[in-house]
Amino acid sequence: MEPLRHDPDVLVIGGGIVGLFCAYHLRLGGSSVTVVERGPVGGPQSCSYGNTGFVGTQGAAPLAEPGVPAQGLRWLLNPESPFSIRPRWDGELLRWLWHFRRACNDEDAKAAFRVLVDMKKQSLEILRELCASGGLASAFTAQGMVLAFRTPEGFEKGCRSVPQAVENGVPLRVLGPGELRALEPDAEFDVCGALYNEEGAYLQVPDFLIEFARMLRGMGVEIRERTEVVGFEVAGRTVKRVRTTRGDLRPHETVIAAGTWSAECARKLDVGLTLQPAKGYSVTVKAPRNAPRRPALLSEGKVALMPLGERLRFGGTLELSGMDGTISRRRVDGILRTVRSYLPELEITETLETWSGLRPCTPDSLPFVGRAEPYRNLSVACGHGHIGMGLAPAGGRLIAQIIAGEQPDMDPAPFRVGRYGGRATRRLRLRR
């Protein structure tokens, strides 16, 4: 087994979609880069493995919106609801919920939406260029996305959101029943109406990650799988050494991009990240003959439907249950019941895989992207939540620009790592 490169310019901790895009942009800038991933790249342990792979401008609304706390309390009583919190005494969860509740106001939600739309648009441009040819082309599909509404109230609310979305650059238009049938002639939706986003796109996962990692290796990026970070050596305000299960590394710069595990990794450096794992589920089946041709969001049920060639994937739920990756049959049944309510004639086919993964969520849905104070050579890129596939390309470029000292393409202020004033970070400042 080949030894690790001990002194790369940049070490990226995490080989998911975020870590790989950090490595990509850093390498484009001329840095030598090593990526360490605790499992195989694109493996089942990764949140990038079994999700629906949505990219494009759809889905930029933050989780924290007016009315969500009251709705969440109702959902807590339903074991098959799209959103739930496992009751437990956990100081970090309570702190996260307190900040989440504060972010549930109209002003903050609109500001976050604008930031996320801009980040998604930049990411889509990067993906289109990256996937225009070569091995990644077959893993990227851009053919639009349907937002289906089963209730009159849901459809009316969706229609009211169109002007604001269009004003912020999201090309939504209302579909009448005939237009929806023309767009999806094979599928029989039982809905009151739909919206259509022509910029809806998706990545086939884990195929995209595996091929992307192969491309990065060809660019000279060292990717070490099944390599876990176990500690750090610090001198003053500098991370001098990173200890892994396969030896020590001495990078000039370190980026923590380990998804949900970023909080635990940062804790080893006394850096506090206000981050919570949100469990999501997906069910992959053999593609029925009467399945939709395009990806669809079953809006009120918070379930995504993704065509993957000979497979069809359903994804949904947001469960704040800590670092628990077990699969709840009731949650899975809730997803399948939602699909049947929107598509009652959809053929029942063989289930190929049922999966759960942990998505790293911040209270305001804006990821942490930037320097981790008080360190001079430590950065963080995590907290992309349930829309990480659509934010990672631009987030990786932002990290590379910050490390290189370049003028960023987007304002880094909304993504500040210390915006919640983590207590661990304050202790570190006092100690130094």
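Residues numbered from 1 in each chain as written. Predicted model: local features only at pLDDT ≥ 70, side-chain atom pairs only at ≥ 80, totals over all residues. Heavy atoms only, no water.

Comments concerning the state of the cysteines
Within this structure, the stated rule accounts for 0 disulfides. Residue Cys-131 stays outside any disulfide, its sulfur separated by 17 Å from that of Cys-22, the closest cysteine. Owing to a relative accessible area of 5%, Cys-131 belongs among the buried residues under this scheme. Cysteine Cys-382 is unpaired, with the sulfur of Cys-265 as its nearest cysteine sulfur at 9.7 Å. A relative accessible area of 1% means that Cys-382 is categorised as buried. (Disulfide = S-S within 2.5 Å. Buried < 20%, exposed > 50% of the residue type's maximum accessible area, 1.4 Å probe, protein only.)

Structural notes on the sheet that holds strand β11 (residues 229–235)
Spatially, 3 strands are ordered β11-β12-β13 in an open sheet, and the strand pairing comes out antiparallel. Where the open sheet ends on each side, the last strands, each with one partner, are β11 and β13 (247–249). Averaged over neighbouring strand pairs, the angle between their axes works out to 25 degrees when direction is ignored. Where strand β12 (residues 238–244) and β13 come together, 3 bridges link them in antiparallel fashion. Paired with Thr-244 across the strands is Gly-247, a residue of β13. (Pairing = 2+ DSSP bridges. Helix = DSSP H or I, 4+ residues; strand = E, 2+ residues; numbered from the N terminus. Axes fitted to C-alpha atoms, helices over the stretch in contact; angles between N-to-C directions.)

Looking at the confidence of the model for the protein chain
Looking at the protein chain as a whole, the pLDDT averages 91, with 93% of positions reaching at least 70. Segment residues 423–432 is flagged for pLDDT under 50; beyond a separation of four residues in sequence, or across chains, it makes 22 contacts in the model. (pLDDT = per-residue confidence, 0-100. Contact = heavy atoms within 4.5 Å.)

Side note on helix α10 (residues 388–404)
With 17 residues, α10 extends 23 Å between its outermost C-alpha atoms, agreeing within 8% with the 24 Å of an ideal straight helix rising 1.5 Å per residue. Its axis deflected by about 30 degrees at Ala-394, α10 carries its strongest bend there. Burial analysis of α10 places 15 of its 17 residues in the buried class, which makes it a mostly covered element. Positioned one or two residues after α10, Gly-405 has a phi angle of 75 degrees, which is positive. (Expected span 1.5 Å × (residues − 1). Bend = angle between axes of the 7 residues up to and from the residue.)

A word on the packing of aromatic side chains
Under the defined criterion, the tally for this structure stands at 9 aromatic pairs. With 6.0 Å between their ring centres and 45 degrees between their planes, Phe-149 and Phe-155 make a pair best called tilted. For Phe-155, a relative accessible area of 17% corresponds to the buried category. Taking the centre distance of 6.2 Å and the plane angle of 85 degrees together, the rings of Phe-368 and Tyr-420 count as edge-to-face. Linking Phe-368 in strand β20 (residues 368–371) with Tyr-420 in the loop between α10 and α11 (423–431), this pair joins segments that are 52 residues apart in sequence. Judged by relative accessible area, Phe-368 falls into the buried class, the value being 0%. The buried category is assigned to Tyr-420, whose relative accessible area is 14%. In this structure an aromatic cluster arises from ring pairing among Phe-21, Tyr-24, Phe-208 and Phe-212. Above the face of the Trp-261 ring, Arg-38 is positioned so that its terminal group lies 3.7 Å from the ring centre. (Phe/Tyr/Trp six-rings, centres within 6.5 Å; stacked < 30°, edge-to-face > 60°. Lys NZ or Arg CZ within 6 Å of the ring centre and 35° of its normal.)

Considerations on the pairing of strand β21 (residues 378–382)
β21 sits mainly inside the fold: 5 of its 5 residues count as buried. Strand direction decides the pairing type here: strand β14 (residues 253–256) and β21, joined by 3 bridges, are parallel. Across the sheet, Val-255 pairs through a bridge with Ser-379, a residue of β21. In terms of strand pairing, β20 meets β21 through 4 bridges, oriented antiparallel. Looking across to β21, one finds that Arg-371 is bridged to Ser-379. Where β20 hands over to β21, the hairpin turn is made up of 6 residues, counted between the paired strands.

Digging into the pattern of salt bridges
Counted according to the given criterion, the structure contains 21 salt bridges. Put simply, Arg-294 and Glu-184 hold a salt bridge, and the shortest N to O gap is 3.7 Å. Taken together, the residues span a long stretch of sequence, with Arg-294 in the loop between β15 (276–286) and β16 (296–298) and Glu-184 in the loop between α6 (177–183) and β8 (193–197) at a distance of 110 residues. A single burial state applies to Arg-294 and to Glu-184, both of which are buried. Among the salt bridges present, the one from Lys-279 reaches Asp-324, with a minimum N-O distance of 3.8 Å. Here the residue Lys-279 occupies a position in strand β15, and Asp-324 occupies one in the loop between β18 (311–320) and α9 (329–342), the gap between them amounting to 45 residues. Each of the salt bridges in this network shares a partner with another, and the network as a whole consists of Glu-233, Arg-241, Arg-243 and Asp-248. (Salt bridge = Lys/Arg side-chain N within 4 Å of Asp/Glu carboxyl O.)

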